[in-house]
Amino acid sequence: MTQTVSLTDAADLSRAPVDITTVLDHLVREADAAAATSIGFPAAVDLDQTEVMARLGNRLWNNIGDPADPGGGAHTRALERAVIAWLADILAMPTDDRWGYVTTGGTEGNLSALHAARRRYPTARIYYSTAAHYSIPKSLQILGARGVVVSARPDGEMDYAHLAAQLRKRRRRPAIVVATAGTTLTEAVDDTTRIRAVLDDYGVDGHLHVDAALSGIPLALDGRLRFDDAGGVGSIAVSGHKFLGVPTPCGVVLIRDRVRGHGSHVAYTDTVDTTITGSRCGLAAALLWHAIATHGREGHRWRAIEARTLAAYAVDQLTAVGWPAWRHPHAFTVVLPTPPEPVRKKWLLATDGDTSHIICMPGVTRGQIDAFIADLVASHHRGRSRSPGSHPNRRPVPLDTDFSSSGTVHRSTEVITMATRLRRPPRVPVARPRHQRRPDAHVLAARPSPQPPPADHTVIAWARTTLTVHRAGDNGLCRGCEDLGQFAWAPCPTARDADDTLTDHLPGQ
Ligand SMILES: *Cc1c(COP(=O)(O)O)cnc(C)c1O
C-alpha cells in the first residue's frame, strides 16, 4: 500500500483482496508514531507483557461466571483470584468481607459496585461530584437511579460543604456517595473520611463507593487509600490499563462481601452469575497477574515514586518557562493552561476549555517532557511573529502588586535565578529549524533597574528582573495579565525581545 491509501480504505472488507499485512503495518506504524508524543492519557507503557501475550494470547481464556467458580476448561480464574487478593491486601480490605472480579475497565467496575449498592438501598439517591468520571452518570442512567450532583472545587476535589447541604435536603433517604480517587482532569482525591463524617453528621445510612480507576493502586501502595473497616468504604473500582499498563482495557472491582449480590446459578455453564458481563476476558486477568507478579508491591511503589518525581520535574520546567503548571502532591497529572492548538494536537493533550493536562505515567521520559516544553516555547515564537508586538488586552501589571497571596512568592532574587537558569536553553532532543533554536530568547527579561532593589531583597546581581505576569489564553498568548488567579513570572510571549517585554509592561513608560 502506498501512503496515500487511507487505513479505512485499506481495511474495507468489501474490496477484495484485502492486504492484511499492509493494514497491520499501518496500525503499528501509527501507534508507534503516536507513542512518542503520548503524554495526555493515563496508560503506563513501561511494563513488558511479551511472555504472556506470546504464550496465552492466541487462544480463548474465558473466566465466565464468578471468580470462585471451579469448573470449566481454559480459564485463568486462579490468577484472577490472586489479583483480587493482592489488591484487597494492599487496600487492607478485611479478609472475611471481600469479593471482587476482573472487569472490562473502570466503567464496569463502577456500574457493578453501584448496582450492588442500589440493590441494598433501592430508594437511595446517588451523589457524585461535577469532577466525577462520565461513567458515573452513565451508570445511573443504566440503573434507572436518581443522581444528585455535588460541586467540585476548582482543584477537582469534592466540595464537602455542598455535599452536606445536598444530603441535608434529603436526609430521610439513604445515600450512595461516589468519591473519586484521581479525577480525570486534575487527579484530585476526594477525602472518604470527610464524606463518611458528613454522612454520620446527618445520620444518613448508605454506601460509599470509590471510583479509583486512575489512582487507586498507587494510593493504596502508599497507604493513602484504605478499604479497612474504619474507613466505611463499601466498594472500590480500579483500572488495569492505567497504572498497571495492561495492554488490553480491563479493571478490578472490589465490593464488600456482605454488600454484593449473590447471583443465581446458571445451569448450562455451571457458573454463578455475579458479574455484569457473562463471558469475561481471562487474558486480562493473566496480564494483570503478570504485571503484579513481575514487580510486586515494592516494584510498583517505586514506579509510582518515579512517575511523581517526573511530574514534579514537569511542573518545575513548565513554571520556569512561564507556563503556570501545578499538580496535587500525590499526582502524576500536571495541570496547565491550554497550549496552542498545534502543541495540543501533537502531544495528544486532554483538554477542557482553558485547562489541559499531561500525565507522567510510568514509561513517560524526561526527554518527552523536555521536548514538549521546547515545543511550547517554540510555539510562542511563532505566535509572536504572527502578531508582532501588539496584544489587544495588554495591560501593565503594577510592580508592587502583592502576589504572595497566590501561594507562590516570587522575590527578585528568585526571579533573577530563574532568568539565569532560563538563559541555558532547555535540552531539546529533537532537531529543529534554525529560527527556532533559541528557545531562551524571549525569556531574557532582566535589565538594569532604574531604581535600587527594595531593601528586603538580597542583591545577587546589579539588575532587577522585571517580568510580566500573564496567563495564556486559548491562542497561547497573554490574556492581558489581568487574571491574578493563576500566573507566573514570565515574559509576555508577544514581545519581540526583552525590552519589548519591559517597556510594554512597566507602568508609566
Ligand atoms: C479511566 C476512568 C474511568 C473509566 O474507565 P474505563 O476503563 O474507560 O471504563 C472511570 N473513572 C475514572 C476516575 C477514570 O479515570
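Residues numbered from 1 in each chain as written. Predicted model: local features only at pLDDT ≥ 70, side-chain atom pairs only at ≥ 80, totals over all residues. Heavy atoms only, no water.

- An unreviewed UniProt entry annotates the protein chain as L-histidine carboxy-lyase (Histamine-forming) of Micromonospora olivasterospora.
- UniProt, in its Cofactor (unreviewed entry) section for the protein chain, records the words "pyridoxal 5'-phosphate". (UniProt positions renumbered as here; feature names shortened; annotations may be inferred.)

## Some thoughts on the overall build of the protein chain
Logical step 1: Within the protein chain, the regular secondary structure consists of 14 helices and 16 strands.
Logical step 2: The buried share among the 509 residues of the protein chain stands at 52%.
Logical step 3: A sequence separation of at least 24 residues applies to 67% of the contacts in the protein chain between residues at least 6 apart.
Logical step 4: With the model as given, the accessible surface of the protein chain reaches about 23400 Å², and the carbon-plus-sulfur share is 53%. (Helix = DSSP H or I, 4+ residues; strand = E, 2+ residues; numbered from the N terminus. Buried < 20%, exposed > 50% of the residue type's maximum accessible area, 1.4 Å probe, protein only. Contact = heavy atoms within 4.5 Å. Areas by Shrake-Rupley, 256 points an atom, 1.4 Å probe, with all protein chains shown as cover.)

## Structural notes on the pairing of strand E1 (residues 99-103)
Logical step 1: When you tally the buried positions in E1, you get 5 out of 5 residues, the bulk of the element.
Logical step 2: In the sheet, E1 pairs with strand E7 (residues 251-255) via 5 bridges, with the strands oriented antiparallel. Note on E7: the bridge partner recorded for Trp99 is Ile255. (Pairing = 2+ DSSP bridges.)

## Regarding the layout of surface pockets
Logical step 1: The calculated volume of the second largest pocket comes to roughly 470 Å³.
Logical step 2: Within the residue set of the lining of the second largest pocket, elements represented by two or more residues are helix H5 (106-120), helix H6 (135-143) and strand E12 (355-359).
Logical step 3: Broken down by element, the lining of the second largest pocket gets its largest block of residues, 3 residues, from H5.
Logical step 4: Grouping the constituent residues of the lining of the second largest pocket by class yields 10 nonpolar, 13 polar and 3 charged.
Logical step 5: Built from parts of two domains, the lining of the second largest pocket gets at least three residues from each of domain 1 (55-294) and domain 2 (304-392). (1 Å grid on protein atoms, 1.4 Å probe; cavity = no way out; pocket = protein on both sides within 12 Å on 5 of 7 lines; lining within 4 Å. Points joined across faces, edges and corners; volume = space filled by probe spheres on them. Nonpolar A, V, L, I, M, F, W, Y, C, P; charged D, E, K, R; others polar. Domains from an automatic or database assignment.)

## Concerning the side chain of Asp228
Logical step 1: Take Asp228: it is sitting in the loop between helix H9 (216-221) and strand E6 (235-239).
Logical step 2: A polar atom in the side chain of Asp228 sits 3.3 Å from the backbone nitrogen of Gly231.
Logical step 3: Other than its neighbours up to four places away in sequence, Asp228 contacts Leu91, Ala92, Pro94 and Arg256. (Polar contact = N/O pair within 3.5 Å; in protein donor to acceptor, adjacent residues only side chain to side chain.)

## Side note on the pairing of strand E4 (residues 175-180)
Logical step 1: Across the 6 residues of E4, 6 count as buried, placing the element largely inside the fold.
Logical step 2: Residues Ala175, Val177 and Ala179 point to one face of E4 and Ile176, Val178 and Thr180 to the other, with burial holding for every one of them.
Logical step 3: Relative to E4, strand E2 (residues 125-129) is paired through 3 bridges, and the arrangement is parallel. Each bridged residue has a counterpart across the sheet, and for Tyr127 the counterpart in E4 is Val177.
Logical step 4: Crossover connection from E4 via helix H8 (residues 192-201) to parallel strand E5 (residues 206-211): handedness right-handed. (Right-handed = clockwise from strand over helix to strand, strands pointing away.)

## A few points about the site of the ligand
Logical step 1: Around the ligand, 13 residues are found, and the nearest of them are Gly106, Thr107, Asp211, His241 and Lys242.
Logical step 2: Thr107 places a polar side-chain atom, nitrogen or oxygen, 2.5 Å from an oxygen atom of the ligand.
Logical step 3: Against a free-state accessible area of 390 Å², the protein chains account for coverage of 85% of the ligand.
Logical step 4: Assessed atom by atom at 2 Å from the grid points, the ligand resides in the second largest pocket.
Logical step 5: The greatest single-element share of the shell around the ligand, amounting to 3 residues, is contributed by H5.
Logical step 6: Considered class by class, the residues forming the shell around the ligand number 2 nonpolar, 9 polar and 2 charged. (Near = heavy atom within 4 Å. Sits in = over half its atoms within 2 Å of the grid points.)

## Quick look at H6
Logical step 1: Within H6, burial applies to Ser135, Ile136, Ser139, Leu140 and Leu143. Each buried residue of H6 lies within a common arc of 140° when the element is viewed along its axis, so the set occupies one face. For H6, the exposed residues set more than 90 degrees away from the buried face come down to Gln141 and Ile142.
Logical step 2: Buried residues in H6 make contact with H5, E2, strand E3 (147-150), E4 and E5.
Logical step 3: Phi for Gly144, located one or two positions after H6, is positive at around 65°. (Arc of directions from axis to C-beta.)

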